[in-house]
Amino acid sequence: MNGSTSSSVSTTPAPPTSACIDSSARILLLPIVSSLVWLVISSVLALIASVKLHSPTVLADSSWLTYGHTRPAANDAFVYGFASQAGLAVALWILCRLGRNTLVGALPIAIGSIFWNLGVTFGLVGIFTGHTTGFDWLEFPKAGSFILLASYGVLGICALLNFRARQPGETYPSQWYILAALFWFPWLFTTARMLLVQFPVRGVMQLAVSGWFTNGLFTLWLTSLGLAVLLYFIPKISQAQLFSRSLALIAFWSLAVFGGWAGFYRGLPLPAWMISTGAAASVVLLVPMLATVANLWLTMGQGTHAKSGLLGYFKYSLIAFALCGVFAVFNAFIPQLRLTLFGEGVEQLFLYGFVGLALLGAIHYLAPRLTGQENDKFVCWSGMASTFGILLFAAAFLIGGILQQKRLIDGSVPFLDVMNKTKMFIRLSTLGVLLLVIGNILTLARVLLLVRACCQACCSSCCSESKPSVKLKPAGAAR
Amino acid sequence: MNHGPLIFLGVLVTFVMSWWGLIFAPQVQIGVQQNASLVDGIYPRPRAGLAEQGHHVYVANGCVQCHSQQVRQESYTFDVVLTAPGTNNEIVIRALGKIAPGINAGAVAAAATDQKPQTILTNVPQGVADDAQARLKKAGATAKTLFIPLGVDIARGWGSRLTVAADYLYDQPVQVGHSRLGPDLANYGQRAPSTKLILEHLYDPRLTMDKSLMPAHRYLFETKPVGKKPSPDALALTGKFAPPAGHEVVPKPEALQLVAYLQSLRASAPLFEAPASPAPQP
């Protein structure tokens, strides 16, 4: 199928049709389905961790499932298993669609994706068995990290090749973000791993490196992936032109210039100038946030408002992105707040709210097109569950965190009471995580149903028309 | 913006800038930091073997997910104490009366020694403290100005001063933490109860604190049949925490290492960049 389409491209100058690109990118279902499996695993682990926060005797005899293991495992399964993998897959598809080229390098992508999953598995087993490196978001031990990085090399190069294979013409903001993210991630990851684990720097320098990495992972890598998705899908679904290319340009470059500087907050035992730089950068980062939000909001306003259930995913994702930018400033300036539930609430709002909803919306859009099947089952329900889940979770943690901070800075309240008075919020957040689990399972179910239908359609056409299939193939590709 | 190389170049330059600013520059500034020389030796000292192993247990079990190791200081104030009244009692008493009219100058001057410094002024700004010290020096007495760090963490008893870079020189990986679901542990070694109580707290925190939300770490312990005679370090558990009859709960080596590490946690030595005065009363 690939051969026939690429040969048609070389003989005729007309770019391939969208359907043609989609069917050439069918291999992306592999990273997408596996990323959804990781998403379900991550949310189940988050559920266990959440229950343990208010009922500490649950599962206390298992060293694998202690809070200190489940919490980082849930986070890493989300960031590396789901967000990075699905983000790369969606990014590849966006590159193909925007560049109007069929997918280049299907086989390496498949191999890269398999090894990526192997890396995440090794990494998570390492965390559960206590072989963590001890640094946030970089917990994967040696084996997991190396496999991850090697397979990233393959996937990243494939993505670059796809960017190169584009038809000549003006590039779109999504392409800028994807291209930048493709470089940022390996640089961040290798620098941090080298300086923290392979040739560790001394003392609090580790804190500087790990803070720089965490911030880069969120503000450069994940934000870029999320914004690439939003900038592509919001105009597409609301059927409007992007409101302003210059606003997108300002947002992109201000993020690139200042994105790497935030991340340090008051109270860390670091030189004062680093803390001030971090706080200042978190304020300056409101510029790309506001520019992007205004740009996309106005785009939505211009749109014809086609009643598509998927727009909700991207809209709420955009709102979560805006809120995270504002809360980051709170975190940087209000003493103790970063150390309460608030800090984690912002983190999860960013991950599940902004990145998660954007990618889930994209996956719901991609899945029927990649499989060539129709099935709208669960889209509405999973969207509602995911949105309300993250809303409940984030609200509980943010409000609980603020109350906790109020009590913490009042030295007369004993610490035990501070924690026990936030129990109610933690229970609410458990409910939120439960909703997230349900939403994630529904999404996985829908995509699996589509894949099954696709396989059945493929098999039946092969079995029933085994002999003339050679002749029919080009027709199938054109469809 | 239509050329890949342009974007690549821009991204590379911005990335290298942030690397230069936040990794390279601090490495030059604090990466080569050496131990401080204090009156009673160098600070910090490398941990003893068992505690160092305990650090790995602490890391492996993700204790950092709930416990921070950072004490914050929001402001500071000064106290002035008299350590020796000198020889001219009358002038000293007059000076004391001027500095702090509220105190019983005679009794203070009589009682002041190096071992029992008498507080003259509390909670004053630096200028006032310096002034008082100068006046007393003129009168022939010896006074000291004490630096008193203030802050919520310090009020909670989590430390006597803020934590600074020097405190973490021997930590690999550094476990400063990002969350305070549990109390700060930067100075746990100073306030730690006996080994037995820490072990009980690890086995099930509800043993020592009724309302604790800390997860139980029973997997760090072994429940085994009692041998010919009970193990010396078996936990004394009663009631609902008791093991089945004929069994005893013994800490695994990891538990003992972890306790040794927890007991080694103290970041309180007064440093140039983080002065603190020894607490006058325990």
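Treat the numbers as computed from the prediction; the structure is a model and nothing was measured.

Comments concerning the overall build of chain A
Piece 1. In terms of helices and strands, chain A carries 17 helices and zero strands.
Piece 2. Here the C-alpha atoms of chain A give a radius of gyration of 23 Å, agreeing with the 23 Å that 2.2 N^0.38 yields for 479 residues.
Piece 3. Along the first, second and third principal axes, the C-alpha atoms of chain A reach 80 × 50 × 50 Å.
Piece 4. Here chain A, with 479 residues, has 56% of them falling under the buried criterion.

Let's talk about the overall build of chain B
Piece 1. From N to C terminus, chain B includes nine helices and seven strands.
Piece 2. By its C-alpha atoms, chain B is 80 × 75 × 35 Å across when sized along the principal axes.
Piece 3. Relative to its full complement of 282 residues, chain B shows a buried share of 41%.
Piece 4. Taking all contacts inside chain B whose residues are at least 6 apart in sequence as the whole, residues at least 24 apart take part in 75%.

Some words on the interface of chain B and chain A
Accessible area lost on assembly of the parts is the figure often given for the size of an interface.
Piece 1. Between chain B and chain A, the contact holds 61 residues from the first and 64 residues from the second.
Piece 2. Elements with a minimum of two residues in the side of chain B that touches chain A: helix 1 (4–30), helix 2 (49–60) and helix 6 (152–155) of chain B.
Piece 3. Per element, the largest residue contribution to the side of chain B that touches chain A is 16 residues, and it comes from helix 1 of chain B.
Piece 4. Classifying every residue of the side of chain B that touches chain A gives 32 nonpolar, 22 polar and seven charged.

Considering the sheet that holds strand 3 (residues 75–84) of chain B
One key point about sheets: their strands pair by backbone hydrogen bonds, in either a parallel or an antiparallel sense.
All names here are of chain B.
Piece 1. If you walk across this open sheet you meet the three strands as 4-3-5, and the pairing is antiparallel. Looking at strand neighbours, the two that pair on one side only are strand 4 (118–124) and strand 5 (142–150), the edges of this open sheet. Across the sheet, the mean angle from the axis of one strand to that of its neighbour is 20°, orientation sign disregarded.

Some remarks on unusual backbone geometry
Piece 1. Put simply, Tyr43 of chain B and Pro44 of chain B share a cis peptide bond, and its omega is -10°.
Piece 2. Turning to its location among the elements, Pro44 of chain B is positioned in the loop between strand 2 (41–43) and helix 2.
Piece 3. Following Gln172 of chain B, the chain continues into Pro173 of chain B via a peptide bond in cis, with omega recorded as -5°.
Piece 4. Within the secondary structure, Pro173 of chain B sits in the loop between helix 6 and helix 7 (188–191).
Piece 5. Residue Arg100 of chain A is not a glycine yet carries a positive backbone phi of 50°.
Piece 6. Of note in the backbone geometry, Trp137 of chain A takes a positive phi value of approximately 65° without being a glycine.
Piece 7. In this structure, Trp137 of chain A sits in the loop between helix 5 (106–128) and helix 6 (142–164).
Piece 8. Residue classification places Trp137 of chain A among the partly exposed positions, given that 19 C-beta atoms sit within 10 Å.

Notes on the packing of helix 8 (residues 205–237) of chain A against helix 13 (residues 341–371) of chain A
Residue and element names in this part refer to chain A.
Piece 1. The interhelical angle for the contact between helix 8 and helix 13, taken along N-to-C directions, is 40°, at an axis separation of 10 Å. The orientation of helix 8 relative to helix 13 falls into the category oblique. Where helix 8 crosses over helix 13, the handedness of that crossing is left-handed. Only Phe350, Phe354, Val355, Ala358, Leu359, Gly361, Ala362 and Tyr365 of helix 13 make contact with helix 8, whose side of the interface consists of Phe218, Leu222, Leu225, Gly226, Val229, Leu230 and Phe233.
Piece 2. When its residues are assigned to classes, the contact of helix 8 with helix 13 shows 13 nonpolar, two polar and no charged.

Focus on helix 9 (residues 253–264) of chain B
Piece 1. If you check helix 9 of chain B, its first and last C-alpha atoms are 17 Å apart, about what 12 residues at 1.5 Å a residue would give, namely 16 Å.
Piece 2. Those residues of helix 9 of chain B that are buried lie in contact with helix 2, helix 7, helix 8 (195–203), strand 6 (221–225) and strand 7 (247–251) of chain B.

Quick look at the packing of helix 10 (residues 272–284) of chain A against helix 12 (residues 310–333) of chain A
Residues and elements named next belong to chain A.
Piece 1. Packing of helix 10 against helix 12 leaves a shortest axis separation of 9 Å and a crossing angle of 160°. Judged by the angle between their axes, helix 10 and helix 12 are roughly antiparallel. For the pair helix 10 and helix 12, the sense of crossing is left-handed. Mapping the contact onto sequence places Gly278, Ala279, Ser282 and Val283 in helix 10 and Ala328, Val329, Ala332 and Phe333 in helix 12.
Piece 2. Grouping the amino acids of the contact of helix 10 with helix 12 by side-chain chemistry returns six nonpolar, two polar and no charged.

What to know about the confidence of the model for chain B
Piece 1. Averaged over all residues, the pLDDT of chain B is 88; the fraction at 70 or higher stands at 98%.
Piece 2. Scoring the predicted complex yields pTM 0.91 and, for the interface, ipTM 0.90.

Side note on helix 8 of chain A
Piece 1. Its 33 residues place the ends of helix 8 of chain A 46 Å apart at the C-alpha level, agreeing with the 48 Å of an ideal helix rising 1.5 Å per residue.
Piece 2. In the segment just after helix 8 of chain A, Gln239 of chain A is the residue with positive phi, at about 50°.

Re the environment of Leu9 of chain B
Residue and element names in this part refer to chain B.
Piece 1. Relative to the helices and strands, Leu9 is located in helix 1.
Piece 2. Take Leu9: there are 11 C-beta atoms within 10 Å of it, and that puts it in the exposed class.
Piece 3. Remark: the alpha-carbon pair of Leu9 and Pro101, spanning 92 residues in sequence, is separated by 70 Å.

Topic: the confidence of the model for chain A
Detailed reading of predicted coordinates is not advised where the pLDDT is low.
All names here are of chain A.
Piece 1. Taken as a whole, chain A shows an average pLDDT of 90; of its residues, 93% reach a score of 70 or greater.
Piece 2. The model gives residues 1–11 a pLDDT under 50, and that stretch makes 16 contacts with residues more than four places away or in other chains.
Piece 3. A low-confidence stretch, residues 467–479 stays under pLDDT 50, and its non-local contacts, those more than four residues away or across chains, total 11 contacts.

Considering the environment of Ser50 of chain A
All names here are of chain A.
Piece 1. Mapped onto the elements of the fold, Ser50 is located in helix 3 (residues 29–54).
Piece 2. The exposure class of Ser50 is buried, given the 26 C-beta atoms found within 10 Å.
Piece 3. Placed 284 residues apart in sequence, Ser50 and Ile334 show a C-alpha to C-alpha distance of 25 Å.
Piece 4. When neighbours within four sequence positions are excluded, Ser50 is seen to be in contact with Ser429, Thr430 and Val433.

Cut-offs applied
- Residues numbered from 1 in each chain as written.
- Chains lettered and ligands numbered in written order.
- Predicted model: local features only at pLDDT ≥ 70, side-chain atom pairs only at ≥ 80, totals over all residues.
- Helix = DSSP H or I, 4+ residues; strand = E, 2+ residues; numbered from the N terminus.
- Rg over C-alpha atoms; globule rule 2.2 N^0.38 Å.
- Buried ≥ 20, exposed ≤ 12 C-beta atoms within 10 Å, placed from the backbone.
- Contact = placed C-beta atoms within 7 Å.
- Nonpolar A, V, L, I, M, F, W, Y, C, P; charged D, E, K, R; others polar.
- Pairing = 2+ DSSP bridges.
- Axes fitted to C-alpha atoms, helices over the stretch in contact; angles between N-to-C directions.
- Parallel < 35°, antiparallel > 145°, perpendicular 65-115°, else oblique.
- Left-handed = near helix turned anticlockwise from the far one by under 90°.
- Expected span 1.5 Å × (residues − 1).
- pLDDT = per-residue confidence, 0-100.

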